Amino acid sequence: MATELNYPEIIKKILLEYLKYDSADDVIKSSVSFDDEHGNYVLLQAGWRGDDYLQGAVIHIQLIDGKIWVQYDGTEEGIANELTDAGIPKLNIVLGFRHPSVRQYTGFAMV
């Protein structure tokens, strides 16, 4: 019997895991922002590294037309791999940060 996957729940669970990597003495802190109404899920980081202030998205995911669009991925392993490990089919994941002409070579959706 097939079960329907709850994409927002899976995305949130994965992004919340990244918060565990912050230690008490880290000067760069991570946070998440979830917007279920508009299908936006973001892992953010902000803080100081020496004299430089760093701030921005590490991961940005959107739900568009029933597919997961990875709009930005600043991770080493790749958030798309974590999504597939969680049971999401590759055909339901679009690497939005990849040019449409090369998506056919990624193994993920080509939308």
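In what follows, the structure referred to is the one given above.
Scope of this entry: the structure provided in the associated data block. None of these values were measured; they are calculated from a predicted model.

## Re the overall build of the protein chain
Helix and strand content of the protein chain: two helices and five strands. Listing every helix and strand of the protein chain by position from the N terminus yields α-β-β-β-β-α-β. C-alpha extents for the protein chain along the principal axes are approximately 50 × 35 × 25 Å. In the protein chain, which comprises 111 residues, the proportion classed as buried is 30%. Taking as baseline every contact in the protein chain between residues at least 6 positions apart, the subset at least 24 positions apart corresponds to 35%. Summed over its atoms, the accessible surface of the protein chain is roughly 7,200 Å², and 51% of this surface lies on carbon and sulfur atoms.

## Here's the deal with the nonpolar core
Ranked by size, the top nonpolar core spans 20 residues in total, and within it I59, I61, I79, L83 and I93 carry the most contacts. Of all the secondary-structure elements, those providing two or more residues to this core are α1 (7–18), β2 (40–49), β3 (52–64), β4 (67–73), α2 (79–85) and β5 (93–95). Considering every element that reaches this core, the biggest residue donor is α1, with six residues. Ignoring any residue separated from it by four or fewer positions in sequence, one finds I61 in contact with I11, G39, N40, Y41, I68, W69, I79 and L83.

## Remarks on the sheet that holds β5
An order of β1-β2-β3-β4-β5 is seen for the five strands of this open sheet, with the pairing classed as mixed. Unpaired on one side and paired on the other, β1 (28–35) and β5 mark the two borders of the sheet. Sheet twist, expressed as the mean angle between neighbouring strand axes with direction ignored, is 20°. Of the pairings in the sheet, the one linking β2 to β3 comprises 10 bridges and is antiparallel in character. In the sheet register, N40 faces β3, and the bridge partner there is Q62. Along the sheet, α1 makes contact with β1, β2, β3 and β4, crossing β2 at roughly 15°.

## Things to note about the environment of G47
If you trace the backbone, G47 turns up in strand β2. Classification of G47 by relative accessible area gives buried; the value is 5%. Sequence-wise, G47 and D26 are 21 residues apart; in three dimensions their C-alpha atoms are separated by 8.7 Å. Excluding anything up to four places from it in sequence, G47 contacts V27, I28, D52, Y53 and L54.

## Overview of the pattern of salt bridges
Scanning all chains against the criterion turns up two salt bridges. Among the salt bridges present, the one from K12 reaches D36, with a minimum N-O distance of 2.7 Å. Here D36 lies in the loop between β1 and β2 and K12 lies in helix α1, a separation of 24 residues in the sequence. You can call K12 partly exposed: its relative accessible area is 23%. E17 is the partner of K20 in a salt bridge, and the nearest nitrogen-oxygen pair spans 2.9 Å. Judged by its relative accessible area of 36%, E17 is partly exposed.

Rules behind the numbers
Residues numbered from 1 in each chain as written. Predicted model: local features only at pLDDT ≥ 70, side-chain atom pairs only at ≥ 80, totals over all residues. Heavy atoms only, no water. Helix = DSSP H or I, 4+ residues; strand = E, 2+ residues; numbered from the N terminus. Buried < 20%, exposed > 50% of the residue type's maximum accessible area, 1.4 Å probe, protein only. Contact = heavy atoms within 4.5 Å. Areas by Shrake-Rupley, 256 points an atom, 1.4 Å probe, with all protein chains shown as cover. Core = buried A, V, L, I, M, F, W, Y, C linked by side-chain atoms within 4.5 Å. Pairing = 2+ DSSP bridges. Axes fitted to C-alpha atoms, helices over the stretch in contact; angles between N-to-C directions. Salt bridge = Lys/Arg side-chain N within 4 Å of Asp/Glu carboxyl O.

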